[in-house]
Amino acid sequence: MIKRQTTINRIFKITGIGLHTGRDVTLEFLPRREFGIAFVHNDYIIPARYDMVADTRLSTLIAKDGVTVSTIEHLMAAFYFSGITNCLVYIDGPEVPILDGSAWEFYQGMWKAGVYEFPENSGVYLKVQRSVEVTHNDAWLRIKPLNTLDITMNIEFRQPVGKQKKRVTDVENAFSIINSRTFTLLEEIEAIKKAGLAKGGSLDNAVVIGMDDIINPQGLRYRNELVNHKILDLIGDLYTSGYRILGKVDANKTGHYLNNLLLKELFSDPANYSIY
Ligand SMILES: [Zn+2]
């Protein structure tokens, strides 16, 4: 467990296409002394924080004065797993590249750059003190006090996915979460493309679920890859709290909207949490 603020040891870049724009985007990662992760786009500094989130329909999108950066969740999860608390991410487009649909390449880039630890102790953990719950239709998300981060995720889609459940008790070391890819149902692709979205979508950056099997020739990376990916999204979204959250999380069919709502609810009352 890290105790101090950290940043990357050296500058690095990652280029890839945006899932929805289909255009090349380059990210340049710079060490940062100030606390937190922030994006720099069109000379605007946009903190990667829950209160900057402006849209959660397709991905987690942050905005400031009309300047937006979307699909930040996998990158945020990579920061979480890398133990990095401070970083500036320069981005030359409106969407973080999708890469292989997971957090793997971001995580590798951070690992190669190395982690610099600042000398002084400072609050990087948020400990949940009172239970918080949010619901939306049949989806719900709740967090209770606990000294570690422990996540239970339930998902339900049509066959061949069906109902799946996974519990991760040692999240900081749950490495199979990092390279689990995003997924979509075959029938959703046409609607998304008609709406002019997912121009960059392909079997190279998403798992596609056909009527009775996975369409990708290589199949899944893990038997639990789909539910793993939902946990990855949740971890990335929770890291927009600005802190490494400690608590017991129970999630049912949650998505970016509820993940963000939980943080708003959590921060609405300072008695709900403590920072250390
Ligand atoms: Zn995702």
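As a reminder, the structure under discussion sits directly above these lines.
Definitions and cut-offs
Residues numbered from 1 in each chain as written. Predicted model: local features only at pLDDT ≥ 70, side-chain atom pairs only at ≥ 80, totals over all residues. Heavy atoms only, no water. Donors = N, O, S within 2.8 Å, 3.2 Å for Na, K, Ca; no water. Tetrahedral: all angles 85-135°; square planar, octahedral: opposite > 155°, others 65-115°. Helix = DSSP H or I, 4+ residues; strand = E, 2+ residues; numbered from the N terminus. Contact = heavy atoms within 4.5 Å. Polar contact = N/O pair within 3.5 Å; in protein donor to acceptor, adjacent residues only side chain to side chain. 1 Å grid on protein atoms, 1.4 Å probe; cavity = no way out; pocket = protein on both sides within 12 Å on 5 of 7 lines; lining within 4 Å. Points joined across faces, edges and corners; volume = space filled by probe spheres on them. Nonpolar A, V, L, I, M, F, W, Y, C, P; charged D, E, K, R; others polar. Core = buried A, V, L, I, M, F, W, Y, C linked by side-chain atoms within 4.5 Å. Buried < 20%, exposed > 50% of the residue type's maximum accessible area, 1.4 Å probe, protein only. Domains from an automatic or database assignment.

J.: Sorry if this is basic, but what is going on with the coordination of the zinc ion here?
T.: The reference angle at a metal is 109.5 degrees if four donors form a tetrahedron and 90 or 180 degrees if six donors form an octahedron. Protein-derived ligands of the zinc ion are H74 (NE2), H229 (NE2), D233 (OD) and D233 (OD), with the metal-ligand distances lying across 2.0 to 2.8 Å. Bound by 4 donor atoms, the zinc ion shows angles of 51 to 149 degrees at the metal and therefore irregular coordination geometry. Here the donor residues of the zinc ion are spaced in sequence according to H-x154-H-x3-D. One end of the pair, H74, is in helix 1 (residues 73–82); the other, D233, is in helix 4 (residues 225–238), and 159 residues separate them in sequence.

J.: Is there a simple way to explain the environment of R33 in this structure?
T.: Topologically, R33 is positioned in the loop between strand 3 (24–30) and strand 4 (36–41). Setting aside residues no more than four positions away along its own chain, R33 makes contact with Q5, N86, F118 and E120. A polar contact is formed between the side chain of R33 and the side chain of E120, at a distance of 2.3 Å.

J.: What should I look at first to understand the layout of surface pockets in this one?
T.: Gaps left between atoms show up when a probe the size of a water molecule is rolled over them. Volume-wise, the largest pocket comes out at about 1,100 Å³. Around the largest pocket sit 41 residues that line it, and L58, T182, F183, E188 and K230 are the ones nearest its centre. Breaking the lining of the largest pocket down by element, the ones donating at least two residues are helix 1, strand 14 (149–157), strand 16 (183–185), helix 3 (186–194), helix 4 and helix 5 (256–267). Ranked by residue count, the leading element in the lining of the largest pocket is strand 14, at 5 residues. Here the residues of the lining of the largest pocket sort into 16 nonpolar, 16 polar and 9 charged.

J.: When you look at the nonpolar core in this model, what are you seeing that I'm missing?
T.: Within soluble globular proteins, side chains that are nonpolar tend to cluster in buried spots. Residues F29, F39, L75, F79 and F106 are the most contacted members of the largest nonpolar core, which totals 75 residues. In terms of domain composition, this core takes at least three residues from each of domain 1 (4–121) and domain 2 (125–275). Sequence-distant contacts of L75, defined by excluding residues within four places in its chain, comprise L27, F29, F39, V89, V96, F106 and M110.

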